[in-house]
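Commentary on secondary and tertiary structure
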Amino acid sequence: MADSLLDRRAIRLDAVAADRDAAIRLCGETLVAIGAAEAGYIDTMLAREQSVSTFVGEGVAIPHGTLGGKELVNRDALAVLRFPKGVDWDGNPVSVCVAIAAKGDGHVELLSALAEILLDPDQAAALREATEVDEVLRLLQPVGAEQE
């Protein structure tokens, strides 16, 4: 893989959002800023959230677009946004969003690998509390390593 799934520029550890939709927009804007997706992808991320919550537990959400949004993805990528003050995600507190842009079915393996990491309470806690980009890269490195 020429590009890493997780670009240092896509890790923001001091994000602030008033609500769930604002958090999703920030995630999408980050994916757009690194060239992984077109601006229209953000709307598909919001649409996905309307149909099914991307909250996965342990203070983590994994926002991603709808199947129709794939045509707006330039390359598979992740963005990690940490919200130190938290975001109300339909009644659940979220402090970390791992946003996904995926062209093909790559997101299925990505979601699976991410879920494994994030459902480990120690790993999820470390991610929620990370204040250094290198720490986030280290925690999520197994996700990038499993991709070809």
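Because the structure is a prediction, the values reported are computed rather than measured.

The rules behind each value
Residues numbered from 1 in each chain as written. Predicted model: local features only at pLDDT ≥ 70, side-chain atom pairs only at ≥ 80, totals over all residues. Heavy atoms only, no water. Buried < 20%, exposed > 50% of the residue type's maximum accessible area, 1.4 Å probe, protein only. Helix = DSSP H or I, 4+ residues; strand = E, 2+ residues; numbered from the N terminus. Arc of directions from axis to C-beta. Polar contact = N/O pair within 3.5 Å; in protein donor to acceptor, adjacent residues only side chain to side chain. Pairing = 2+ DSSP bridges. Contact = heavy atoms within 4.5 Å. Axes fitted to C-alpha atoms, helices over the stretch in contact; angles between N-to-C directions. Left-handed = near helix turned anticlockwise from the far one by under 90°. Core = buried A, V, L, I, M, F, W, Y, C linked by side-chain atoms within 4.5 Å.

1. Some details on helix 4 (residues 121–129)
Listing the buried residues of helix 4 in full gives Ala 124, Ala 125 and Leu 127. End-on view of helix 4: buried residues confined to an arc of 160°, all on one side of the axis. Residues Asp 122 and Glu 129 are exposed on helix 4 and point more than 90 degrees away from its buried face. Where helix 4 begins, the side chain of Asp 120 points an oxygen toward the backbone nitrogen of Asp 122, at a separation of 2.8 Å.

2. Re the sheet that holds strand 2 (residues 55–57)
Pairing is mixed in the open sheet, where 5 strands are placed in the order 1-4-5-3-2. The strands lining the two open edges of the sheet, one partner per strand, are strand 1 (6–12) and strand 2. Judged from the 2 bridges that link them, strand 2 and strand 3 (residues 60–61) form a sheet pairing that is antiparallel. The partner of Gly 57 across the bridge, within strand 3, is Val 60.

3. With respect to the side chain of His 64
You can see His 64 is positioned in the loop between strand 3 and strand 4 (77–89). There is a polar contact of 2.8 Å between the side chain of His 64 and the backbone oxygen of Ile 62. For His 64, the residues in contact, after removing those within four places along its chain, are Tyr 41, Thr 44, Met 45, Arg 48, Thr 54, Ile 100 and Leu 111.

4. Points about the packing of helix 1 (residues 20–33) against helix 2 (residues 41–51)
Close contact between helix 1 and helix 2 brings their axes to 9 Å; oriented N to C, the two are set at 145°. By crossing handedness, the relation of helix 1 to helix 2 is classed as right-handed. In contact with Arg 20, Asp 21, Ile 24, Arg 25, Cys 27, Gly 28, Glu 29, Leu 31 and Val 32 of helix 1, helix 2 contributes Tyr 41, Ile 42, Met 45, Leu 46, Glu 49 and Gln 50.

5. Thoughts on the nonpolar core
Grouped together as the largest cluster of nonpolar side chains are 27 residues, with contacts concentrated most on Leu 31, Tyr 41, Met 45, Leu 81, Phe 83, Trp 89 and Cys 97. Where this core is concerned, the elements lending two or more residues are helix 1, helix 2, strand 4 and strand 5 (92–101). It is strand 4 that provides the largest number of residues to this core, a total of 6 residues. With residues near it in sequence (within four places) discarded, Leu 81 still touches Ala 10, Arg 12, Ala 15, Leu 26, Cys 27, Thr 30, Ser 95, Val 96 and Cys 97. Core analysis: the next-biggest nonpolar cluster, separate from the first, contains 21 residues, Leu 5, Leu 78, Val 96 and Val 136 among them.

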